[in-house]
Amino acid sequence: MSKKRVITLILAASMCFGLSACGSKEDATLSGVSGGGTPQTAYKQEATTEAARDLTWGRYTFTIPAGFYFKGGSVMDGNDTGAFSVKKTELTGFSFSTEHDEETMMNAYNGNKAAYTSGQKEVSGEYGGIKWTGFQYDSSGTPALELYTTIDGVYIRVVSAGFAFDSEEAKEVLGSLRVGSK
């Protein structure tokens, strides 16, 4: 494997891990999550072949497609209800994070846009009434995304590895996001 491919793979994985949660299989529980309750630890549900289902984490409600699993919280804080991932595998899926303001969101986005240039192209579209803007790029032959949106004054960034913007999985996950009150 070439040095460039290894570096690209490491960068893509670090983007996913940077927004995904901590936890182990022993932490796997969703108690206190769907009712909007305060989670006490990072949550994880293993992949399943069951039908798609809706889940609430903090103020967010979204769809977990069949064969995907949920991780809540961030690397720094397993209780962070502003960060969660909808994952197909440990390295593929969609990682969501809430940013404090538009400037913070755009600084992170623009930094990644300058770093991930292989096969980069602008993408935008509306899924589920949500307008998404961002870029798609090639990560060692696999599509990856960096997206942002604002919903009711909430600034949201999404990093995805393994899925193109126009994939059915992206349409289902991105189009299902709903933001409730704090």
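In what follows, the structure referred to is the one given above.
For clarity, every value in this text was computed on a predicted model and none was experimentally measured.

Looking at this structure, how should I read the pattern of salt bridges?
Side chains carrying opposite charge are able to pair once their charged atoms draw close together. Evaluated as defined, the whole model comprises five salt bridges. A salt bridge links Arg157 to Glu99; the shortest N-O distance between them is 3.0 Å. Here Arg157, found in strand β9 (residues 154-161), pairs with Glu99, found in strand β5 (residues 93-99); they are 58 residues apart in sequence, far enough to count as distant. By the burial criterion, Arg157 is buried, and Glu99 matches it. Shared partners join several salt bridges into a network, and the residues in it are Glu99, Glu146 and Arg157.

Any chance you could explain the packing of aromatic side chains here in plain terms?
The relative placement of two aromatic rings is captured by the distance of their centres and the angle of their planes. Within this structure, the stated rule accounts for twelve aromatic pairs. Between Phe84 and Phe96, the ring centres sit 4.7 Å apart and the planes meet at 15°, which makes this aromatic pair stacked. Residue Phe84 is located in strand β4 (residues 83-87), and its partner Phe96 is located in strand β5; the two are separated by twelve residues in the primary sequence. Under the relative-accessibility criterion, Phe84 is labelled buried at 1%. Look at Phe96 and you get buried, because its relative accessible area is 2%.

Help me understand the pairing of β4 in this model?
Residues in a regular strand project their side chains so that they alternate between the two faces of the sheet. Counting buried residues in β4 gives five out of five residues, a clear majority hidden from the surface. Neither face of β4 is open: one carries Ala83, Ser85 and Lys87, the other Phe84 and Val86, and all of them are buried. Relative to β4, strand β3 (residues 69-72) runs antiparallel, the two sharing four bridges. In the sheet register, Gly72 faces β4, and the bridge partner there is Phe84. Here five bridges tie β4 to β5, and the two strands are oriented antiparallel to one another. The partner of Ala83 across the bridge, within β5, is Ser97. Counted along the chain from β4 to the antiparallel partner β5, the turn is five residues long.

Can you help me understand the nonpolar core in this one?
A general feature of soluble globular proteins is that nonpolar side chains tend to end up buried together. Core analysis: the largest hydrophobic core is formed by 28 residues, its most contacted members being Phe62, Phe84, Phe96, Trp132, Ile156, Leu174 and Leu177. In this structure, Leu174 is in contact with Phe96, Tyr127, Ile130, Trp132, Leu147, Val158 and Phe165, ignoring residues within four places of it in sequence. Counting eight residues, the second largest nonpolar core, distinct from the first, contains Met106, Tyr116, Tyr137 and Ala144.

The rules behind these values
- Residues numbered from 1 in each chain as written.
- Predicted model: local features only at pLDDT ≥ 70, side-chain atom pairs only at ≥ 80, totals over all residues.
- Heavy atoms only, no water.
- Salt bridge = Lys/Arg side-chain N within 4 Å of Asp/Glu carboxyl O.
- Helix = DSSP H or I, 4+ residues; strand = E, 2+ residues; numbered from the N terminus.
- Buried < 20%, exposed > 50% of the residue type's maximum accessible area, 1.4 Å probe, protein only.
- Phe/Tyr/Trp six-rings, centres within 6.5 Å; stacked < 30°, edge-to-face > 60°.
- Pairing = 2+ DSSP bridges.
- Core = buried A, V, L, I, M, F, W, Y, C linked by side-chain atoms within 4.5 Å.
- Contact = heavy atoms within 4.5 Å.

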